[in-house]
Amino acid sequence: GKKAGEFYTPPEVSLLLTKLLQPQPGNRIGDPACGSGSLLIKMGQAVPANTKGERDVSLYGMEANGATWALCKMNMFLHGFDQARVEWRDTLRSPVFTDPATGGLATFDCVIANPPFSLEQWGREIWENDPWGRSFAGLPTDSNADFAWVQHMVKSMAEKSGRMAVVLPQGTL
């Protein structure tokens, strides 16, 4: 796992999560705490390529740390995912991927993340009246964002095709 400020997911964890989610051609894949992009890249690489060697997949990521966001953008380019939408934004306070048609959060076929563990001062005050309805299972404490990440990710899953994998510390639920 990782603590606030860290952005590394062990390759074995990335591989396991990717195999569990089984990304398919045409899937929209989102990571609300994408760090340097390793999980998104693994997911994109797991989608079978067509006869031209192209992968039909859409990658979306958000990262709050500017230096890590820049590293992610570079990694996407270096791994051939130049079309990935990676935004420098604090997901819990101000999610960038929304759906104007529904007025809710954008949804994804696969939602994957290794968010910062036990993040404090994460924006609970916003969630008291969250416009995105993410506190549907209760309002997490200000001293630990772990359950907020879970609720955000659940709300980001596509209704029929959505599936999710997340790395969290013991005791989150």
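Read on for an overview of the structure.

Criteria and thresholds
Residues numbered from 1 in each chain as written. Predicted model: local features only at pLDDT ≥ 70, side-chain atom pairs only at ≥ 80, totals over all residues. Heavy atoms only, no water. Patch = residues over 30% accessible without salt bridge, like charges linked within 9 Å, V, L, I, M, F, W, Y side chains within 5 Å. Areas by Shrake-Rupley, 256 points an atom, 1.4 Å probe, with all protein chains shown as cover. Salt bridge = Lys/Arg side-chain N within 4 Å of Asp/Glu carboxyl O. Helix = DSSP H or I, 4+ residues; strand = E, 2+ residues; numbered from the N terminus. Contact = heavy atoms within 4.5 Å. Buried < 20%, exposed > 50% of the residue type's maximum accessible area, 1.4 Å probe, protein only. Core = buried A, V, L, I, M, F, W, Y, C linked by side-chain atoms within 4.5 Å. Axes fitted to C-alpha atoms, helices over the stretch in contact; angles between N-to-C directions. Parallel < 35°, antiparallel > 145°, perpendicular 65-115°, else oblique. Left-handed = near helix turned anticlockwise from the far one by under 90°. Nonpolar A, V, L, I, M, F, W, Y, C, P; charged D, E, K, R; others polar. Pairing = 2+ DSSP bridges.

With respect to a nonpolar patch on the surface
Here is step 1: Residues Met74, Phe77 and Leu78 make up a contiguous nonpolar surface patch of about 340 Å² in total accessible area.
Here is step 2: Within the element layout of this structure, Phe77 appears in helix α3 (residues 66-78).

Thoughts on the environment of Met62
Here is step 1: Mapped onto the secondary structure, Met62 falls in strand β2 (residues 58-63).
Here is step 2: Setting aside its immediate chain neighbours within four residues, Met62 contacts Asp31, Pro32, Ala33, Cys34, Glu87, Arg89, Thr91, Pro95, Val96, Phe97 and His152.

Overview of the environment of Leu17
Here is step 1: By the element assignment, Leu17 lies in helix α1 (residues 11-21).
Here is step 2: Residue classification places Leu17 among the buried positions, given a relative accessible area of 7%.
Here is step 3: What Leu17 contacts, discounting residues up to four positions off in sequence, is Leu39, Ile112, Ala165 and Val167.

Side note on the nonpolar core
Here is step 1: Residues Ile29, Leu59, Met76, Phe81 and Ile112 are the most contacted members of the largest nonpolar core, which totals 21 residues.
Here is step 2: Of all the elements in the fold, those that place two or more residues in this core are α1, α2 (38-46), α3 and β6 (110-113).
Here is step 3: When residues of this core are assigned to their parent elements, the largest contribution, 4 residues, is made by α2.
Here is step 4: Once you skip the residues sitting within four places of it in the chain, Ile112 turns out to touch Leu17, Leu21, Ile29, Gly30, Asp31, Pro32, Leu39, Met43, Met153 and Ala165.
Here is step 5: In this structure, Tyr60, Phe97, Ala106 and Ala113 belong to the second largest nonpolar core, which totals 9 residues.

A word on the packing of α1 against α2
Here is step 1: At a minimum axis separation of 9 Å, α1 and α2 run at an interaxial angle of 45 degrees. The angle between α1 and α2 falls in the class oblique. When the axes of α1 and α2 are compared, the crossing they make is right-handed. Two secondary-structure elements touch here, α1 through Pro11, Ser14, Leu15, Leu17, Thr18 and Leu21 and α2 through Ser38, Leu39, Lys42, Met43 and Ala46.
Here is step 2: Taken together, the residues of the contact of α1 with α2 break down into 7 nonpolar, 3 polar and 1 charged.

Section: the pattern of salt bridges
Here is step 1: Counted under the stated rule, the structure contains 4 salt bridges.
Here is step 2: When the shortest N-O distance is used, the salt bridge between Asp90 and Arg93 registers 3.0 Å.
Here is step 3: In this structure Asp90 comes out as partly exposed when scored by relative accessible area, which is 26%.
Here is step 4: Residue classification places Arg93 among the partly exposed positions, given a relative accessible area of 33%.

Remarks on the sheet that holds strand β3 (residues 85-88)
Here is step 1: Spatially, the 5 strands line up as an open sheet ordered β3-β2-β1-β6-β7, and their pairing is parallel. Looking at strand neighbours, the two that pair on one side only are β3 and β7 (163-166), the edges of this open sheet. Taken over all neighbouring pairs, the strand axes of this sheet differ in orientation by 15 degrees on average, direction set aside.
Here is step 2: Relative to β7, β6 is paired through 4 bridges, and the arrangement is parallel. The partner of Val111 across the bridge, within β7, is Met164.
Here is step 3: Sheet strands touched by α2: β1 (28-31), β2 and β6. Its angle to β1, the strand with the most contacts, is close to 165 degrees.
Here is step 4: Against the sheet, helix α5 (residues 146-155) contacts β2, β6 and β7, and its axis sits at roughly 160 degrees relative to β7.

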